[in-house]
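What follows is each chain in one-letter form.
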Amino acid sequence: MIKQLKSVVLLLVCLSATPLWAAYNTALLNLKPLDIDSIGFDGDIQFALRSNLDKRGEVQMMSRRDMESELFRQGLSMGNSDEDAVHIGKALGVEFVIFGSVQMSDNGIATEIRMIDIVHERLAKEWKISFSGRNDINDKGPALANTLIKAMAQSLVDAKAEAKIALAAQAAQAEMKKQYLSEFISQVVQGGVEISWRAIEPETIEIFNLYRGEAETGPYTQIASLQANSYLDSQVESGKSYFYKLAVVEKSTGEQAEDVSIQQITYIDKSIKLRPLTPTILSVDTGVKQSTVTFVPNLDNPIKGHVIRKYKIYRKRSSGGNWLHVGTLTLNTDEPKLSYSFTDKNNVEDGEQYSYSVSSVNSKGYESPLSGTEVVFSPGTPNLSVHQDNLLRQVELDWQVEGSKGGFYIYRRELGTTIWQRVGDVEQSDVRRFIDRQGLRDGAEYEYYVSLVNNGRESDPSNIVSAKTKGLPARPENLQAQSGLVKAVKLTWNAIQDPDLIGYKLYRMEDDGNGFQQGDQLSLAYEIPGYQTAEFIDGDGEKQLKDGVQYHYAIAAVNKYGARGDLSYVASASTKTLPKSVGQLSAEAGQQDITISWPASTAADIANYILSRKWNEQDWQQIAVLPADATGFVDKELKPYAQTQYKLISQDQAGLQSAEVYSSVVTNPATLQLSVKKDQMLRQILLTWNEQQNVTGYQIYRRKQGSQDWNKLVQIDSPLTTEYLDNKKLADATAYEYQISAIDGFVETPASEAVTAKTKSLPSPPKSFAVQSGLVKQVQLTWQSITDSDVAGYYIYRKNDEGKMERIKTIKDIAINTYIDDGSLFSKLNDGTEYEYAISAYNTYDAEGGRTRIIGATTKPVPSAPKGLQASANSGIVELVWNANAESDISNYVVEKATASCNSWRELAVVVSSQQKHTDSDVVAGSTYCYRVKAIDQDELESSWQQTEVAIAAASSAAVEQ
């Protein structure tokens, strides 16, 4: 559908009061497109009209230049109402005004043309024409021009006839008029015409209605309704004559009666030179309950000394009425803008046609004449309709609206309720459809209305429409249930051919022995997808039915929202019964197996037997499927110490199984046997055991011999492992006891018989331990090295000054068999001193064994001090002699000399051990000297000093022996 849009065509045709054959002066103004779709067609229609009218001698066209110049001079703009046409026609000096509208429709370009007779102020003719396109406009141009010319001529004839009728009616009406006023005066004042009156009986009058016309015969337009006795008419033009008359509304009747008085006055605006120039409206944009007027100031105002302080905006209905002052735009600066805008929100009604005009007010308070008018349509109230209902939880709406800008709000309430809820927002102005899916119920009736939204304002509600949603799904028909199936029941029904369904809900009840009774409750068993599904097998899957049981069924359809319809009628069926079981099952344990037996079956349809086994608290496990003639089975798959039980099921040809028959519980003959594979090892023991079946691993327990509590040593998670080396925190030379159990998941068997094993003892002390005396400041220790790889080294001990054995050395190589003790860095061994020693061995865990016996050794002593030291003075020399030391390894003697005070010793000589004398010739007569001697052996051990003293006389000698 082509979007309907309006544009205004304003044509002015001038006719003078000349004979019918005279040329009609005609002015053609620009066409005004109001939307994009109309742009282009306005020029085509204008060109067709002007070109065809110019060709006719009956019409004298006013040039475009003359029209624009005159309108600009008078500060006028084009309008689109009858009143605007009369006003502009008089200003241009023409006799006819033709105007209309262009609207795009499904049938093409719909054009409406109105022609106003300016002389007689009447509608001369109205046309409605459709054009299919530009070619059609050109083709119909001559005929349209001919129609216009004929209408101009006919208007003169019609006007004369109407004038006669009007005069007669006026005369008749005058006879009916009554005098209500004692005084009725009009006078020109600053700002307009002031009309005042005085009623003869004011107490009988409810209200005064004042009317104005530009001719005594009319037409008259009401300009005020008031209770006061005066009114200032400011909407008048200088140089024009006006006629006023007054009507009253009587209190007693409430009806209006017209007074006979008529006032005529010519308004001369003496302040015309003081009034500013009129602004020009550029556009009026309409919205919901508001219109935005954009206008430009008259740029000549500053030139003529007018300082504009504010602009006044006026509005009136295009159908008639007075100009209403709807707002004032006050300026805060003397500098004019290129344009101004004002938004009118003053009781703008939906779908109404309005005219807007603007005036300027200067700093002295003088107001300009009103600008040319701009006619607009305010957006109308939408016309709502139901596009489609009876849909699944949705309703489709559409609407029509004139001149919409903005979006729409959709409101809803359920029929019978009072609260409206907004359920939709449509932001696009060109969208005219909405689908409501919000919270609707099945089979419910709703009411809707829609409103237009623009710039945060909302239009009046549209008409209210009602719509219903689709009801709940229908009841499925012809539900059938088939009996005799194995653990199942087959159901069929007539599928409902409705795409709004997603499937069905199947309800079921197991029979309680009384059949299906009224009041019995069925429970939901399955949700079946697909509305075209027509059959279902209950029990065909994991959820099998019981054997030999009767079931009762009903089914209901489900729509896409999960809503369920009514249940079908109940259908019932039974499953096949179970076969009989064997009478008795026995189990007997042997040495390495278990034998299971049972009596032969008497049933004819037995197909096989299913034998299962359970160990301890584990789940049952099927171990064999045996033929129908079997009566026994030997189970060689064992599990240590397990409490073993068997069950047997008879299965018929249809696969149905009998009740289970159980054997008694027997102890499994498999046992665990633990042994010591190797012990007497350094802190480890090797265990071994016999491999077991049907276990996941083993657990080994340990305790010290003599202890009461067992401790879990290790869990082995492989059933194939049969050895374990225990090296966890074992002590040396300790006996341990062990047990083993098997595990299967979280189940553990009883433990085996305990076994005992012992770890290796601590290392023995080294053999052949000996020490060597006579060494210089040291003692040598020797022993026989140990070859045991579990021994890591040796500890050497020496008795300290406190008499305790102190460890002095750790030897980490067991191959070493000697050690020399020479003391420490700060404490060397003393000469000629006896020291006592012991040695022990330690293992790889640093555990020490016993020590050897303590044995002693003496270091080499220092030489004894030389004896027999003598000093004799003779002839200025001193002779020293001493006895040889008894030690055989003396290497030499050291001789030292000092003065009589026997201090400040200095070495005098070193004498070889074969000599025991020395001569000192460095002496002074009359002096006394001190001498001393010590022995040094081949190991550089030094004896203590042997000292003597001698005096040197001048003439005699003295000898002192010490």
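Residues numbered from 1 in each chain as written. Predicted model: local features only at pLDDT ≥ 70, side-chain atom pairs only at ≥ 80, totals over all residues. Heavy atoms only, no water.

**What to know about the overall build of the protein chain**
Okay, so step 1: Across its full length, the protein chain holds five helices and 67 strands.
Okay, so step 2: Whereas a compact globule of 962 residues would reach a radius of gyration of roughly 30 Å, the protein chain reaches 69 Å, over 25% beyond that.
Okay, so step 3: Dimensions along the principal axes, computed over C-alpha positions, put the protein chain at roughly 195 × 135 × 65 Å.
Okay, so step 4: When the 962 residues of the protein chain are sorted by exposure, 44% land in the buried category.
Okay, so step 5: Taking as baseline every contact in the protein chain between residues at least 6 positions apart, the subset at least 24 positions apart corresponds to 62%.
Okay, so step 6: For the protein chain, the exposed surface amounts to about 49,500 Å²; the carbon and sulfur share of it is 47%.
Okay, so step 7: When the 97 positive and 122 negative side-chain charges of the protein chain are each reduced to one mean point, those points stand 3 Å apart. (Helix = DSSP H or I, 4+ residues; strand = E, 2+ residues; numbered from the N terminus. Rg over C-alpha atoms; globule rule 2.2 N^0.38 Å. Buried < 20%, exposed > 50% of the residue type's maximum accessible area, 1.4 Å probe, protein only. Contact = heavy atoms within 4.5 Å. Areas by Shrake-Rupley, 256 points an atom, 1.4 Å probe, with all protein chains shown as cover. Lys, Arg positive; Asp, Glu negative; His and termini not counted. Charge placed at Lys NZ, Arg CZ, Asp CG, Glu CD.)

**Quick look at the UniProt feature "domain: Fibronectin type-III" (unreviewed entry) in the protein chain**
Okay, so step 1: In this structure's numbering, the residues bearing the UniProt feature "domain: Fibronectin type-III" (unreviewed entry) are residues 378-472, 668-762 and 862-956.
Okay, so step 2: The span residues 668-762 is 0% helical and 51% strand by assignment, and the distance between its end C-alpha atoms comes to 45 Å. (UniProt positions renumbered as here; feature names shortened; annotations may be inferred.)

**So, the environment of T667**
Okay, so step 1: Within the secondary structure, T667 is located in strand β43 (residues 666-667).
Okay, so step 2: Along the chain, T667 and A589 lie 78 residues apart, while their C-alpha atoms are 7.1 Å from each other.
Okay, so step 3: Aside from chain neighbours lying at most four places away, what touches T667 is A589, Y641, A642 and Q643.
Okay, so step 4: A distance of 3.1 Å separates polar atoms of two side chains, one belonging to T667 and the other to Q643. (Polar contact = N/O pair within 3.5 Å; in protein donor to acceptor, adjacent residues only side chain to side chain.)

**Describing the side chain of S355**
Okay, so step 1: In this fold, S355 is placed in strand β19 (residues 353-362).
Okay, so step 2: S355 gets classed as buried once you look at its relative accessible area, which sits at 1%.

**Brief notes about the sheet that holds strand β32 (residues 523-529)**
Okay, so step 1: What the four strands build is an open sheet, ordered β32-β31-β34-β35; its pairing is antiparallel. Both edges of this open sheet fall to β32 and β35 (571-574), since each of them pairs with a single strand only. Recorded for the sheet is a direction-independent mean angle of 30° between the axes of neighbouring strands.
Okay, so step 2: The pairing of strand β31 (residues 501-510) with strand β34 (residues 550-559) spans nine bridges and is antiparallel. Pairing of R508 across the sheet is with Y553, part of β34. (Pairing = 2+ DSSP bridges. Axes fitted to C-alpha atoms, helices over the stretch in contact; angles between N-to-C directions.)

**Examining the pattern of salt bridges**
Okay, so step 1: By the definition in use, this model includes 43 salt bridges.
Okay, so step 2: Taking the shortest distance from any N to any O, the salt bridge between D136 and K140 comes out at 3.3 Å. Residue D136 and its partner K140 are located together in helix α4 (residues 134-176), separated by four residues, close to a single helical turn.
Okay, so step 3: With relative accessibility at 15%, the residue D136 sits in the buried group.
Okay, so step 4: On the accessibility criterion, K140 (33% relative accessible area) is partly exposed.
Okay, so step 5: As a salt-bridge pair, R315 and D344 come within 2.7 Å of each other at their nearest N and O atoms. Of this pair, R315 sits in strand β16 (residues 308-317) while D344 sits in strand β18 (residues 340-344), placing them 29 residues apart in sequence.
Okay, so step 6: When salt bridges that share partners are traced, they join K470, D498, D500 and K560 into one network. (Salt bridge = Lys/Arg side-chain N within 4 Å of Asp/Glu carboxyl O.)

**Points about the sheet that holds strand β52 (residues 767-772)**
Hydrogen bonds between backbone atoms are what pair the strands of a sheet, whose relative direction is either parallel or antiparallel.
Okay, so step 1: Within the open sheet, the three strands sit side by side as β52-β53-β56. Their pairing is antiparallel. In the strand order of this sheet, the two ends are held by β52 and β56 (818-821), each with one partner. Recorded for the sheet is a direction-independent mean angle of 15° between the axes of neighbouring strands.
Okay, so step 2: Relative to strand β53 (residues 779-784), β52 runs antiparallel, the two being bridged by four bridges. What sits directly across from A770, in β53, is T782.

**Observations concerning the environment of Y931**
Okay, so step 1: Counting through the fold element by element, Y931 comes out in strand β65 (residues 928-937).
Okay, so step 2: Owing to a relative accessible area of 0%, Y931 belongs among the buried residues under this scheme.
Okay, so step 3: Separated by 15 residues in sequence, Y931 and Q946 place their C-alpha atoms 8.4 Å apart.

**Re the state of the cysteines**
Okay, so step 1: Under the defined criterion, the tally for this structure stands at one disulfide.
Okay, so step 2: Here C902 engages in a disulfide with C930; their sulfurs sit 1.9 Å apart. Between C902 and C930, the S-S dihedral sits near -60°, and the bridge is therefore left-handed. Here C902, found in the loop between β62 (890-899) and β63 (906-912), pairs with C930, found in strand β65; they are 28 residues apart in sequence, far enough to count as distant.
Okay, so step 3: Classification of C902 by relative accessible area gives partly exposed; the value is 22%. (Disulfide = S-S within 2.5 Å.)

**Digging into the side chain of H552**
Okay, so step 1: Here H552 shows up in strand β34.
Okay, so step 2: Since its relative accessible area comes to 2%, H552 is described here as buried.
Okay, so step 3: Side chain to side chain, H552 and D511 meet in a polar contact 2.7 Å long.
Okay, so step 4: Setting aside anything within four residues of it in sequence, one finds H552 in contact with Y507, R508, M509, D511, G515, F516, L522, V570, A571 and S572.

**Considering the confidence of the model for the protein chain**
Okay, so step 1: In the predicted model, the protein chain carries a mean pLDDT of 85, and 91% of its residues have values of at least 70.
Okay, so step 2: Every residue in residues 1-21 is under pLDDT 50, and counting partners more than four places away or in other chains gives 93 contacts.
Okay, so step 3: Across residues 956-962, confidence stays below pLDDT 50; counting only partners more than four residues off in sequence or on other chains, it has 19 contacts. (pLDDT = per-residue confidence, 0-100.)

**Focus: the nonpolar core**
Okay, so step 1: Ranked by internal contacts, the top residues of the largest apolar core, which has 25 residues, are L53, I109, M115 and I137.
Okay, so step 2: At the level of elements, α1 (41-54), β3 (59-62), β4 (96-105), β5 (108-117), β6 (122-131) and α4 are the ones that each hand at least two residues to this core.
Okay, so step 3: Per-element tally for this core: the top contributor is α4, with seven residues.
Okay, so step 4: Those residues in contact with L53 that sit more than four places away from it in its chain are V59, M61, A145, L148 and I149. (Core = buried A, V, L, I, M, F, W, Y, C linked by side-chain atoms within 4.5 Å.)

**Digging into helix α3 (residues 82-92)**
Okay, so step 1: Inspection of α3 places D84, A85, V86, I88, G89, A91 and L92 among the buried residues, and these make up the whole buried set.
Okay, so step 2: The first or second residue beyond α3 is G93, which carries a positive phi of 75°.

**So, the packing of aromatic side chains**
Geometry of an aromatic ring pair is reported as the spacing of the ring centres plus the angle between the planes.
Okay, so step 1: Using the criterion set out here, one finds 16 aromatic pairs in the structure.
Okay, so step 2: Ring geometry for Y409 and Y411: centres 6.5 Å apart, planes at 80°, overall edge-to-face. As far as the burial class goes, Y409 and Y411 line up, both buried.
Okay, so step 3: Here W882 and Y893 contribute two aromatic rings whose centre-to-centre distance is 5.6 Å and whose plane-to-plane angle is 65°, an arrangement assigned as edge-to-face. Here Y893 lies in strand β62 and W882 lies in the loop between β61 (877-881) and β62, a separation of eleven residues in the sequence.
Okay, so step 4: A relative accessible area of 4% places W882 in the buried class.
Okay, so step 5: Judged by its relative accessible area of 1%, Y893 falls in the buried class.
Okay, so step 6: One aromatic cluster is present, formed by Y409, Y411, W420 and Y449 through successive ring pairs.
Okay, so step 7: Taking NZ or CZ as reference, R315 lies 4.9 Å from the ring centre of Y354, over its face.
Okay, so step 8: A cation over a ring is seen here: R932 above W945, with NZ or CZ 4.1 Å from the ring centre. (Phe/Tyr/Trp six-rings, centres within 6.5 Å; stacked < 30°, edge-to-face > 60°. Lys NZ or Arg CZ within 6 Å of the ring centre and 35° of its normal.)

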